[in-house]
Amino acid sequence: MSMQTGVMRGIAWMVLGMSCIGMVDALAKYLGARLPGLEVAWGYFVAMLINLCIWAKVRGIPQRQLWHSTRPWLQSARALCLVGSLACLFSALRVLPLAEATIISFTAPLFVVALAGPMLGEPVGWRRWAAVLAGLVGAMLVIRPGTGLFQWAALLPLFGAVFFALFSLITRLLGPADPPTTTLFYTTFVGAVALTLMAAAVWITPNGQELGWFWLSGALGVIAHLALVQAMLHADASIVAPLNYVRLIWAISIGIVVFGDWPTAGELVGGAVIVASGLYVVFSAARARL
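Worth saying up front: this structure is predicted, and the values here are computed from it rather than measured.

Undergrad: Describe the nonpolar core, naming the residues involved and giving the relevant values.
TA: Tyr-44, Phe-45, Phe-90 and Leu-93 are the most contacted members of the largest nonpolar core, which has 65 residues in total. By residue number, the principal contributor to this core is helix 2 (residues 37-59), which donates nine residues. The residues touching Tyr-44, leaving out its near neighbours within four places in the chain, are Val-24, Leu-86, Phe-90, Phe-214, Ser-217, Gly-218, Gly-221 and His-225. Met-14, Ala-231, Ala-235 and Val-240 belong to the second-largest nonpolar core, a separate cluster that totals six residues.

As structure tokens, then:
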């Protein structure tokens, strides 16, 4: 297989993964019309765990390979960060337009830059700090604090972005310590257990249709995680990482067609600033590794 073919496959896998995540977000918003955000997140993690176990059984992957980790506590901490990120995002989606919540969540790479110094000891130059500040300005254009359009729920995806930044940094700390299937098992198992305890306080019994949507969201989640692994195997992270913004295309499109939410001028301008800042961080990091 030529290098160009490998890169194209990596791009295809990344587009598939981001498309699946975009659909998961849409399902979370749909389910959030009746169910609490914590319960929607619970359903997603439980369904992912079930789908992962079915997939592993079909593939003949030994159970011990799923749960045996060289760094179980770090795996658990990583999973709890994803729980915090998705619980915030899914709770916000109950009241925010899909595109707005997605745009704000894209500040996560900027928080990675801000936290990489104290957590990983990575040097962060003034240009990247400028990109972080620019991205936060973009977020403020979307959130609109101090105006009549401001909603406190708009802060939830921002908190979720911080949790996702921690999730990403712990992923770096883990490195190749465990196989991807082990990491995904810990993510889903720890997330399911933690959210079972939290969702019990706000529980509303889901109906049969909602259980079906839970299962679908979990299946899409497993496909997304496995697709991201394949994307990184076929192409450099600097090539496929910008395709994370495929989610935004899905968010705007589904928001308009399914929920009737048209993005405002402030959301589009703020989103453009956030995306530009994130792309600068990605490409500057790629240049630094050359």
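Moving on from the model shown.
Undergrad: Explain the packing of aromatic side chains to me, and be specific about the residues and the numbers.
TA: What characterises a pair of aromatic rings is the spacing of the ring centres plus the angle enclosed by the ring planes. Per the counting criterion, the structure on display carries nine aromatic pairs. Ring centres of Trp-42 and Phe-214 lie 6.1 Å apart, and the angle between their planes is 85°; on these two criteria the pair is classed as edge-to-face. One end of the pair, Trp-42, is in helix 2; the other, Phe-214, is in helix 10 (residues 208-234), and 172 residues separate them in sequence. Taken as a pair, Trp-42 and Phe-214 share a single burial class, namely buried. With a centroid separation of 5.6 Å and an interplanar angle of 10°, the aromatic rings of Phe-185 and Phe-189 are classed as stacked. Residue Phe-185 and its partner Phe-189 are located together in helix 9 (residues 180-199), separated by four residues, close to a single helical turn. Each residue in the set Trp-42, Trp-203 and Phe-214 is aromatic and connected to the rest through ring pairs, giving one cluster.

Undergrad: Outline the state of the cysteines, supporting the account with residue identities and numerical values.
TA: A full pass over the atoms with the stated rule returns zero disulfides. Distance from the sulfur of Cys-53, which forms no disulfide, to the nearest cysteine sulfur (Cys-20) is 19 Å. Cysteine Cys-88 remains unbridged, with the sulfur of Cys-81 as its closest cysteine sulfur at 11 Å. Classification of Cys-88 by relative accessible area gives buried; the value is 13%.

Conventions and cut-offs
Residues numbered from 1 in each chain as written. Predicted model: local features only at pLDDT ≥ 70, side-chain atom pairs only at ≥ 80, totals over all residues. Heavy atoms only, no water. Core = buried A, V, L, I, M, F, W, Y, C linked by side-chain atoms within 4.5 Å. Buried < 20%, exposed > 50% of the residue type's maximum accessible area, 1.4 Å probe, protein only. Helix = DSSP H or I, 4+ residues; strand = E, 2+ residues; numbered from the N terminus. Contact = heavy atoms within 4.5 Å. Phe/Tyr/Trp six-rings, centres within 6.5 Å; stacked < 30°, edge-to-face > 60°. Disulfide = S-S within 2.5 Å.

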